[in-house]
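Each chain, letter by letter, is given below.
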Amino acid sequence: MDGVQTTLRCFRECHSSEMFTDDGLGTVTSREQKKVERSIEEVINVYKQIHSIPQPTLLREQHYQYLKKGLRHLSDSYECLDASRPWLCFWILHSLELLDEPVPAAVASDVCQFLARCQSPTGGFGGGPSQHAHLAPTYAAVNALCIIGTEEAYNVIDREKLLDFLWSVKQPDGSFVMHVGGEVDVRSAYCAASVASLTNILTPKLFEDTTNWILSCQNWEGGLSGVPGLEAHGGYTFCGTAALVILGKEHMLDLKALLRWVVSRQMRFEGGFQGRCNKLVDGCYSYWQAGLLPLLHRAFFKEGESELSRHKWMFEQQALQEYILLCCQNPTGGLLDKPDPETFTTRATA
């Protein structure tokens, strides 16, 4: 764990003072918040009991084995993701890339052949073979193929038809629908910008008015919503900001309001991030919210905001590390969105 101190943040006496206080006015959400905090407290206490010198680390080997198995076989519980199969390829390959673990050439070739079967005759990729093209699995497939990075992988992508698909989902106001006849939200603009950039088919005409549409999604909170006028949300905020970074227009956002919103989403006791105001901590926002902050750091640096940009990433990194490493790691590999005290108790008594 980078930057670990003699006493972990969550082991200090003052840590309990960060727990939520409802001022005697309990609600459904406040009770759920307290329930999560009790789970985290239990996990921390178990960890204290079994580690005399706490040094939480990433379980690299367990995660590697979990991911490697997933590329070849997934349990029946993943049946609900049948329309998201390119995402499973991308999530696994991206995680292996972050772990600096190579993918065997034969496995990489099998992934390329599978994703080729997901490519629609009209351009773009569907959620599985013979499914209609959709921007979300198109993003996942193109990114997965770029991670593999072989000639076979690049040759899978029909760039000319991909451009046709992007034009087919472009809307007059600059937004994109997720698929022909589908819904509009800021994810689609990011997916379109990402795949267009990666495949070198990004043109000003294709993204005409897209910047203004994304900017209209930034609301009074400072974050971005899925469509104009709704509540700010971590996933949508990352997508909108990242799309503007790709388009070179991130400076047009109210960056200080955005920074204020995202840093306020880090939970005081848990250390992880919530996705929206008054919601529970969730491991996935370690990606969306913490991934947003380096983009903001870059934007402030470009704008000459030296006072802001000199504070690296601008959030409590140790707190997030402790939440992920102590509360979200499954001992047998893989990560959870929230801690499961039963898992940690079983490990302690085994």
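The following refers to the structure shown. What you are looking at is a predicted structure, and each value in this text was computed from that prediction instead of being measured. (Residues numbered from 1 in each chain as written. Predicted model: local features only at pLDDT ≥ 70, side-chain atom pairs only at ≥ 80, totals over all residues. Heavy atoms only, no water.)

Attention now goes to the overall build of the protein chain. A count of helices and strands for the protein chain gives 15 helices and 0 strands. The C-alpha radius of gyration computed for the protein chain amounts to 22 Å, which stays within 12% of the reference 20 Å derived for 350 residues, consistent with globular compactness. Across its three principal directions, the C-alpha atoms of the protein chain cover 60 × 45 × 40 Å. Across the 350 residues that make up the protein chain, the buried fraction comes to 49%. Looking at the protein chain alone, contacts between residues at least 24 apart form 66% of all its contacts between residues at least 6 apart. When the accessible area of the protein chain is evaluated, it comes to approximately 17500 Å², of which 52% is carbon and sulfur surface. Positive and negative side-chain charges of the protein chain, numbering 31 and 41 respectively, have mean locations separated by a distance of 1 Å. (Helix = DSSP H or I, 4+ residues; strand = E, 2+ residues; numbered from the N terminus. Rg over C-alpha atoms; globule rule 2.2 N^0.38 Å. Buried < 20%, exposed > 50% of the residue type's maximum accessible area, 1.4 Å probe, protein only. Contact = heavy atoms within 4.5 Å. Areas by Shrake-Rupley, 256 points an atom, 1.4 Å probe, with all protein chains shown as cover. Lys, Arg positive; Asp, Glu negative; His and termini not counted. Charge placed at Lys NZ, Arg CZ, Asp CG, Glu CD.)

Contact geometry of helix H10 (residues 234–247) with helix H12 (residues 285–302) gives a least axis separation of 9 Å together with a crossing angle of 35°. Note on packing geometry: the crossing formed by H10 with H12 is left-handed. Of the residues in H12, those touching H10 at Gly234, Gly235, Thr237, Phe238, Cys239, Thr241, Ala242 and Val245 are Tyr285, Trp288, Gln289, Gly291, Leu292, Leu295 and Arg298. When its residues are assigned to classes, the contact of H10 with H12 shows 8 nonpolar, 6 polar and 1 charged. (Axes fitted to C-alpha atoms, helices over the stretch in contact; angles between N-to-C directions. Left-handed = near helix turned anticlockwise from the far one by under 90°. Nonpolar A, V, L, I, M, F, W, Y, C, P; charged D, E, K, R; others polar.)

Below, the discussion takes up the packing of aromatic side chains. For the structure shown, the criterion picks out 12 aromatic pairs. Here Trp87 and Trp91 contribute two aromatic rings whose centre-to-centre distance is 5.5 Å and whose plane-to-plane angle is 35°, an arrangement assigned as tilted. Here the residue Trp87 and the residue Trp91 both occupy positions in helix H3 (residues 85–98), the gap between them amounting to 4 residues, near one helical turn. Owing to a relative accessible area of 17%, Trp87 belongs among the buried residues under this scheme. Relative accessible area serves as the criterion here: at 42%, Trp91 is assigned to the partly exposed category. (Phe/Tyr/Trp six-rings, centres within 6.5 Å; stacked < 30°, edge-to-face > 60°.)

Where helix H7 (residues 159–169) is concerned, the buried positions are Leu162, Phe165, Leu166 and Val169. The arc that holds every buried residue of H7, seen down its axis, measures 100°, which confines them to one face. Tucked inside the fold, the buried residues of H7 contact helix H5 (135–148) and helix H8 (186–198). (Arc of directions from axis to C-beta.)

Moving on, we come to the nonpolar core. Core analysis: the biggest nonpolar cluster contains 80 residues, and Leu135, Leu166 and Leu296 have the highest contact counts within it. Ranked by residues supplied to this core, first place goes to H5 with 9 residues. Setting aside its immediate chain neighbours within four residues, Leu166 contacts Leu135, Phe176, Ala192, Val195, Ala196, Ile201 and Leu206. Membership of the second largest hydrophobic core comes to 15 residues, among which are Val36, Ile40, Ile44 and Leu326. (Core = buried A, V, L, I, M, F, W, Y, C linked by side-chain atoms within 4.5 Å.)

Now for the environment of Ser75. Structurally, the position occupied by Ser75 is in the loop between helix H2 (60–72) and H3. Looking at Ser75, the relative accessible area reads 39%, which means it is partly exposed. In sequence terms Ser75 and Ser95 are 20 residues apart; their C-alpha atoms lie 19 Å from each other. For Ser75, the side chain forms a polar contact with the side chain of Ser77, separated by 2.7 Å. (Polar contact = N/O pair within 3.5 Å; in protein donor to acceptor, adjacent residues only side chain to side chain.)

A separate point is H12. Under the 1.5 Å per step criterion, the end-to-end length of H12 is 25 Å for 18 residues, consistent within 8% with the ideal 26 Å. When we look at burial in H12, the residues that qualify are Tyr285, Ser286, Gln289, Ala290, Leu292, Leu293, Leu295, Leu296, His297, Ala299 and Phe300. Remark: Gly304 follows H12 within two positions and exhibits a positive phi of approximately 80°. (Expected span 1.5 Å × (residues − 1).)

Time to look at the pattern of salt bridges. All told, the structure shown has 12 salt bridges when counted by the stated rule. Because the salt bridges share partners, they merge into one network encompassing Glu183, Asp185 and Arg187. (Salt bridge = Lys/Arg side-chain N within 4 Å of Asp/Glu carboxyl O.)

When two helices pack together, their arrangement is captured by the angle between the axes and the distance separating the axes. Packing of H3 against H5 brings their axes to within 8 Å, and their N-to-C directions diverge by 35°. Handedness of the H3/H5 crossing: left-handed. Every residue of H5 that contacts H3 at Pro86, Trp87, Cys89, Phe90, Leu93, His94 and Glu97 is listed here: Ala136, Pro137, Tyr139, Ala140, Ala141, Asn143, Ala144, Ile147 and Ile148. Class assignment of the residues belonging to the contact of H3 with H5 gives a composition of 13 nonpolar, 2 polar and 1 charged.

Turning to the side chain of Gln119, a few remarks are in order. Secondary-structure assignment places Gln119 in the loop between helix H4 (105–118) and H5. Among the polar contacts made by the side chain of Gln119, one reaches the main-chain carbonyl oxygen of Val156 at a distance of 2.7 Å. If we ignore the near neighbours within four places in the chain, the residues touching Gln119 are Gly124, Phe125, Val156, Ile157 and Asp158.

Attention shifts here to unusual backbone geometry. Of note, the phi angle at Asp23 is positive, near 55°, even though the residue is not glycine. Residue position: Asp23 is located in the segment before helix H1 (28–50). Here Asp209, not a glycine, exhibits a phi torsion of approximately 75°, which is positive. In this fold, Asp209 is placed in the loop between H8 and helix H9 (210–215).

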